[in-house]
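The lines below spell out each chain.
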Amino acid sequence: MAKMTKSQLMGALAESTGLSKKDAAMFVEKLVALAYKEVKSSGEFVLPGLGKLVKVHRPARMGRNPATGASIQIAAKTVVKFRVAKAAKDAVL
């Protein structure tokens, strides 16, 4: 089974909500922009029933270069993770 493309997603949203494809695309773009803004400012963004985007700090650690086997220091950094809601896990699995 093939993955759903962006245009297929917009078409499915438009059909199920009664909106035009253009309005559905604009809604998704605004939702994504809001999610980015909220994660950047408050550290998390919740999509009820689906999950949440969370900003997480990774501490510095020792790693290994797989090509040479040499130990290297990996710097600390901040990453964004998506945590799936229990309702979504139950519905899919």
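Here we summarise the structure given alongside this text. Computed from a prediction, not measured in an experiment: that's the story for all the values here.

**Remarks on helix α1 (residues 6-17)**
The first and last C-alpha atoms of α1 sit 16 Å apart over 12 residues, in line with the 16 Å expected at 1.5 Å per residue. When we look at burial in α1, the residues that qualify are M10, G11 and A14. For α1, the buried positions fall inside an angular range of 100 degrees around the axis, keeping them on one side. Each element contacted by the buried residues of α1 is listed here: α2 (21-42).

**Concerning the environment of K6**
In this fold, K6 is placed in helix α1. Look at K6 and you get exposed, because its relative accessible area is 58%. Counting along the chain gives 19 residues from K6 to A25, while the straight-line C-alpha distance between them is 9.0 Å.

**Thoughts on the pairing of strand β4 (residues 71-74)**
Here is the key point about a regular strand: its side chains alternate between the two faces of the sheet. The pairing of strand β3 (residues 61-64) with β4 spans four bridges and is antiparallel. By the bridge assignment, R61 is partnered in β4 with I74. The turn joining β3 and β4, which pair antiparallel and follow one another in sequence, is formed by six residues; a positive phi near 85 degrees is taken by G69.

**Things to note about a nonpolar patch on the surface**
Where nonpolar side chains cluster on the molecular surface, the patch consists of M4, L9 and L13 and spans about 250 Å² of accessible area. Considering the arrangement of structural elements, one finds M4 in the segment before α1.

**Let's talk about α2**
Its 22 residues place the ends of α2 31 Å apart at the C-alpha level, agreeing with the 32 Å of an ideal helix rising 1.5 Å per residue. Of all the positions in α2, only A24, A25, V28, A35 and V39 are classed as buried. One face of α2 carries all of its buried residues, which in axial projection span an arc of 100 degrees. Across from the buried face of α2, at angles greater than 90 degrees, the exposed residues are K22, F27, K30, K37, K40 and S41.

The rules behind these values
- Residues numbered from 1 in each chain as written.
- Predicted model: local features only at pLDDT ≥ 70, side-chain atom pairs only at ≥ 80, totals over all residues.
- Heavy atoms only, no water.
- Helix = DSSP H or I, 4+ residues; strand = E, 2+ residues; numbered from the N terminus.
- Expected span 1.5 Å × (residues − 1).
- Buried < 20%, exposed > 50% of the residue type's maximum accessible area, 1.4 Å probe, protein only.
- Arc of directions from axis to C-beta.
- Contact = heavy atoms within 4.5 Å.
- Pairing = 2+ DSSP bridges.
- Patch = residues over 30% accessible without salt bridge, like charges linked within 9 Å, V, L, I, M, F, W, Y side chains within 5 Å.
- Areas by Shrake-Rupley, 256 points an atom, 1.4 Å probe, with all protein chains shown as cover.
- Salt bridge = Lys/Arg side-chain N within 4 Å of Asp/Glu carboxyl O.

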